[in-house]
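# Examining the three-dimensional arrangement
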Amino acid sequence: MAKQFFPKIGNIPFEGPGSTNPLAFKHYQADELIEGRPMKDHLRFAAVYWHTMRGAGGDMFGSGTVNRPWNTGECSTKDAITRARAFFEFVTKLGIPFYCWHDRDLASHGKDLKDANAQFDAVGKELKKIQADTGVQLLWGTAQNFVHPRYMHGAATSCNADVFCFAAAQVKRAMDWTHELGGQGYVFWGGREGYTTLLNTDLKREMDHLGRFLHMAVDYKKKIGFKGPFFIEPKPKEPTKHQYDSDAAACLNFLREYGLLEHFQLNIEVNHAWLAGKTMEHELEVAGCAGALGSIDANMGDYFLGWDTDQFPTDLYLTAKTMLTVLKYGGFKYGGVNFDAKVRRESFTEEDLFYAHIAGMDTFARGLKIAAKIRADGRLADFVKNRYRTWDSGIGQKIESGKATFADCERHALKLGNVTGLESGRQELLEAMFNEFI
Ligand code: XLS
Ligand code: NI
Ligand code: NI
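Residues numbered from 1 in each chain as written. Chains lettered and ligands numbered in written order. Predicted model: local features only at pLDDT ≥ 70, side-chain atom pairs only at ≥ 80, totals over all residues. Heavy atoms only, no water.

## Quick look at the coordination of the nickel ion (ligand 3)
What counts, and what does not: Only N, O and S atoms count as donors, using a 2.8 Å limit from the metal and a wider 3.2 Å limit for Na, K and Ca, and since water is excluded some coordination spheres may look unfilled. Helix and strand definitions here come from DSSP, where helices need a minimum of 4 consecutive H or I residues and strands a minimum of 2 consecutive E residues; each element is numbered from the N-terminal end. Three exposure classes are used, based on accessible area relative to the maximum for each residue type with a 1.4 Å probe and protein chains only: buried under 20%, partly exposed in between, and exposed over 50%.
Only E269 (OE), H272 (NE2) and D308 (OD) from the protein reach the nickel ion (ligand 3) as donors, at distances of 2.1 to 2.5 Å. Positions of the donor residues of the nickel ion (ligand 3), expressed as sequence spacing, correspond to E-x2-H-x35-D. The nickel ion (ligand 2) is placed at 3.8 Å from the nickel ion (ligand 3), the two being bridged by E269. Here E269, found in strand β10 (residues 264-269), pairs with D308, found in the loop between β11 (293-297) and α11 (316-328); they are 39 residues apart in sequence, far enough to count as distant. For the residue pair E269 and D308, the accessibility class agrees, reading buried in each case.

In structure tokens, the structure reads:
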């Protein structure tokens, strides 16, 4: 039998809300039906290769702390393959159906691009085998175009055209492997696509280059016959002062301006929404309204630290509101709930990786159940519907259908003399009603 990396931990069972076993699910039961659909299909959980396998627990004041026996410090292909085996043991024990990677956290940057490609190909072949053995599927792949020093000024938005080409080469191969491994989608997170000072930046030119880059990606997608969607992942800042894909609305505007909207959906991350000064449900709603709610990166920030702390999501209000919005827009098709989250550097043991994912999965399972109950109850939706009822007939309907003019509105207002029908927004009542389900 192959070497086990987590020999003391078996498959994580479902034991129900009464259980105190830290290595059991209290709420996530893969086959439990919610609104007639198994939980696992609603949530489509994914684990990330980067934080989980490669994260060392370092921060800007201290080096790595975590025990990760599969991170030998070597960057040989053999090590990369051993690590892949450790990862699949982990996700399989948790019953997580999907995973995600960056090209350069699977293998190394190599001594040059050719070498990096060869390493990536070797690991890719291995992943294909392990995926077939375990049934674990690829949710999405992406290219890591931000760690290497060559990307200091950005990748597709670099001031240097050679850098653009390296970024394109990386995305090309990452798309090849995403396709080959049956990935459901492909993600673009604009690592350093932004600026740190406008004094040295031709913003228009950089945005145009990003548009060009994404068009090339669309062309390549057609060429190789990859059918999954492209997801853009908004984030307002970090590492740059201003990232071009700053929030859902900015991304949608960019995609529309450059004629790319039909090819992209959004991958909304909680901590990124918070950094943008928005709630997760706001970002999801904006994406949903545009028919572009694709996938989510599940984590959360700290309420007082102003950076991307990528904590595991353990807040029930967050997951309930998230799932309420996801259900409202018809659920995930290609996307899912991807734990782009890392354990604290003080949580340094291998078991903590299990505790963290169990916590996140249970919190999302509860969020899903709460959301479904709120929907079945119907009071919230009825309240909203009723709040807009003046638009369902008379002048409201005429305006909505585009048949009314300013003159019609004026005639209507003059006839009324004054507005008398305003009603309370009932925020506090609704918040209390929401609490009934938590
Ligand atoms: C970083 C991003 C990154 C993307 C994938 O903040 O969340 O992890 O999800 O490149
Ligand atoms: Ni992310
Ligand atoms: Ni992030």
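## Description of the coordination of the nickel ion (ligand 2)
The cut-off we apply is this: By the criteria applied here, four donors are tetrahedral when all angles lie between 85 and 135 degrees, four are square planar and six octahedral when opposite donors are over 155 degrees apart and every other angle lies between 65 and 115, and any other arrangement is irregular.
Those donors, E233 (OE), E269 (OE), D297 (OD) and D340 (OD), are the protein atoms that reach the nickel ion (ligand 2), and they lie 2.0 to 2.2 Å from it. Classification of the site at the nickel ion (ligand 2) rests on its six donor atoms, whose angles at the metal span 81 to 178°, yielding the label octahedral. Along the chain, the residues donating to the nickel ion (ligand 2) fall in the pattern E-x35-E-x27-D-x42-D. For E233, a relative accessible area of 4% gives the class buried.

## Here we look at the pattern of salt bridges
The condition is simple: Here, a salt bridge means any Lys or Arg side-chain nitrogen found within 4 Å of an Asp or Glu carboxyl oxygen.
Taken as a whole, this structure holds 20 salt bridges when the rule is applied. For R375, the salt bridge identified is with E35, shortest N-O distance 2.6 Å. Taken together, the residues span a long stretch of sequence, with R375 in helix α12 (residues 350-377) and E35 in the loop between β1 (33-34) and β2 (37-38) at a distance of 340 residues. Taking relative accessible area as the criterion, R375 reaches 35% and is therefore assigned partly exposed. Overall, the relative accessible area of 43% leaves E35 in the partly exposed class. D308 is the salt-bridge partner of K235, the closest N and O atoms lying 2.8 Å from each other.

## Some words on the side chain of H42
What counts here: Throughout this description, a polar contact denotes any pair of N or O atoms lying within 3.5 Å of each other; where both atoms belong to protein, one of them has to be capable of donating a hydrogen while the other can accept it, and for residues adjacent in sequence the pair is counted only when both atoms sit in side chains. By definition in these notes, contact holds between two residues if any of their heavy atoms fall within 4.5 Å.
Along the chain, H42 falls in helix α1 (residues 39-43). Judged by its relative accessible area of 4%, H42 is buried. Of note is the side chain of H42, whose polar atom sits 2.7 Å from the backbone oxygen of I34. Excluding residues within four positions of it along the chain, H42 makes contact with I34, R37, M323, L327, F332 and L368.

## Concerning the sheet that holds strand β4 (residues 98-102)
Threshold: Any two strands with at least two DSSP-identified bridges between them are counted as paired. Angles shown run from 0 to 180 degrees and are taken between the N-to-C directions of axes, each axis being a line fitted to C-alpha atoms and, for helices, limited to the stretch in contact.
Spatial ordering of the closed barrel is given by β3-β4-β5-β6-β8-β10-β11-β12, a layout of eight strands whose pairing is parallel. Strand after strand, the sheet turns through a mean of 30° between neighbouring axes, direction not considered. Note: β10 against β11, four bridges, orientation parallel. Note that in β11 the partner of L266 across the bridge is L293. Lying on the sheet, helix α8 (residues 248-257) is in contact with β8 (230-233) and β10; it crosses β10 at an angle near 165°. Where helix α10 (residues 280-289) meets the sheet, its contacts fall on β10 and β11, and the angle it forms with β10 comes to roughly 175°.

## Some words on the confidence of the model for the protein
Short version of the rule: The predictor rates its confidence in each residue with pLDDT, a number between 0 and 100.
With 100% of its residues at a pLDDT of 70 or more, the protein shows a mean pLDDT of 97. Between the elements of the protein, mean pLDDT differs from a low of 94, seen in helix α3 (residues 77-94), to a high of 99, seen in strand β12 (residues 337-339).

## Some thoughts on helix α7 (residues 203-224)
Filter applied, for reference: Every helix has an expected span of 1.5 Å times one less than the residues it contains.
If you check α7, its first and last C-alpha atoms are 32 Å apart, about what 22 residues at 1.5 Å a residue would give, namely 32 Å. Just beyond α7, the residue with positive phi is G225, at close to 75°.

## Considerations on the pairing of strand β6 (residues 185-189)
The side chains of a regular strand alternate, first on one face of the sheet and then on the other. Operational definition: Seen with its strands pointing away from the viewer, a crossover is right-handed if its path from the first strand over the helix to the second goes clockwise.
The buried fraction of β6 is high, at five of five residues. With respect to chirality, the unit in which strand β5 (residues 137-142) leads through helix α6 (residues 161-180) into the neighbouring parallel β6 is right-handed. The pairing of β6 with β8 spans four bridges and is parallel. Considered in β8, the bridge of W189 is made with E233.

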